[in-house]
Amino acid sequence: MHYKLVCGICALLLSLPLWGQDWSKLPSARDDRVFYQAKSGEKSLMLGCFRGETDLSFTLIGGAVPLHESLHHQPSLIVWITLPDRRTGRYAIDTEYLGGLDNALVGRLVLGKEGKRFFAQGVEISISSAQAGVFFNTGLAGSARAMQDFREICRL
């Protein structure tokens, strides 16, 4: 009886890193693209690319209030990536609002060499706007694997 209990607890503990992933790969039937998703409250951020692209596609969806209204119709955003030692990278992004049921902001996230390293090694990512402040915040567990996949499929 104790043996089964111990084995069950060990199996549960071994699976914890999978539960702790902030970034999860989105399924795709094609091998010419790769997208990952992270959530913060009611919002989801999707980053990814198609084969040969040099920048990441950025899509932010969700929230009770349409995103363009909650950001006071300001499409310029700042992506903040924080490393374990608390150094923080700042990356500007211009987005467009896709209305309707999608309630999505879309754009291109350009990460230089340092930004790619920050994303792969970081502990936190936040998105803010000048008018709304920080409105999306999540961890970066799983981002190293995401960056590896981005580099394999895209020209990052």
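Basis of the calculations
Residues numbered from 1 in each chain as written. Predicted model: local features only at pLDDT ≥ 70, side-chain atom pairs only at ≥ 80, totals over all residues. Heavy atoms only, no water. Helix = DSSP H or I, 4+ residues; strand = E, 2+ residues; numbered from the N terminus. Buried < 20%, exposed > 50% of the residue type's maximum accessible area, 1.4 Å probe, protein only. Contact = heavy atoms within 4.5 Å. Arc of directions from axis to C-beta. Axes fitted to C-alpha atoms, helices over the stretch in contact; angles between N-to-C directions. Parallel < 35°, antiparallel > 145°, perpendicular 65-115°, else oblique. Nonpolar A, V, L, I, M, F, W, Y, C, P; charged D, E, K, R; others polar.

Chemist: Whenever I open this one, the overall build of the protein confuses me. Can you help?
Modeler: Within the protein, the secondary structure is distributed over four helices and nine strands. When the helices and strands of the protein are placed in sequence order, the string is α-β-β-β-β-α-β-β-β-α-β-β-α. Taken across its 156 residues, the protein has 41% of its residues classed as buried. Within the protein, contacts between residues at least 6 apart in sequence are counted, and of these 53% link residues at least 24 apart.

Chemist: It is not clear to me how helix H4 (residues 143-153) should be interpreted in this structure. Could you clarify?
Modeler: Given 3.6 residues per helical turn, the α-helix brings residues three or four places apart onto the same face. Among the residues of H4, Ser143, Ala146, Met147, Asp149, Phe150 and Ile153 are the ones counted as buried. The buried residues of H4 occupy one face: seen down the axis, they fall within an arc of 160°. On its buried face, H4 sits against strand E1 (24-25), strand E2 (33-40), strand E3 (43-50), strand E4 (56-62) and helix H3 (113-121).

Chemist: Explain the packing of H3 against H4 here, please?
Modeler: Pairs of packed helices are described in terms of their axes, by the angle between the two and the distance that separates them. It is the contact of H3 with H4, at a shortest axis distance of 6 Å, that shows an interaxial angle of 140°. With respect to H4, the element H3 is oriented oblique. In contact with Lys116, Phe119 and Ala120 of H3, H4 contributes Ser143, Ala144, Ala146, Met147, Phe150 and Arg151. Its residues placed into classes, the contact of H3 with H4 shows six nonpolar, one polar and two charged.

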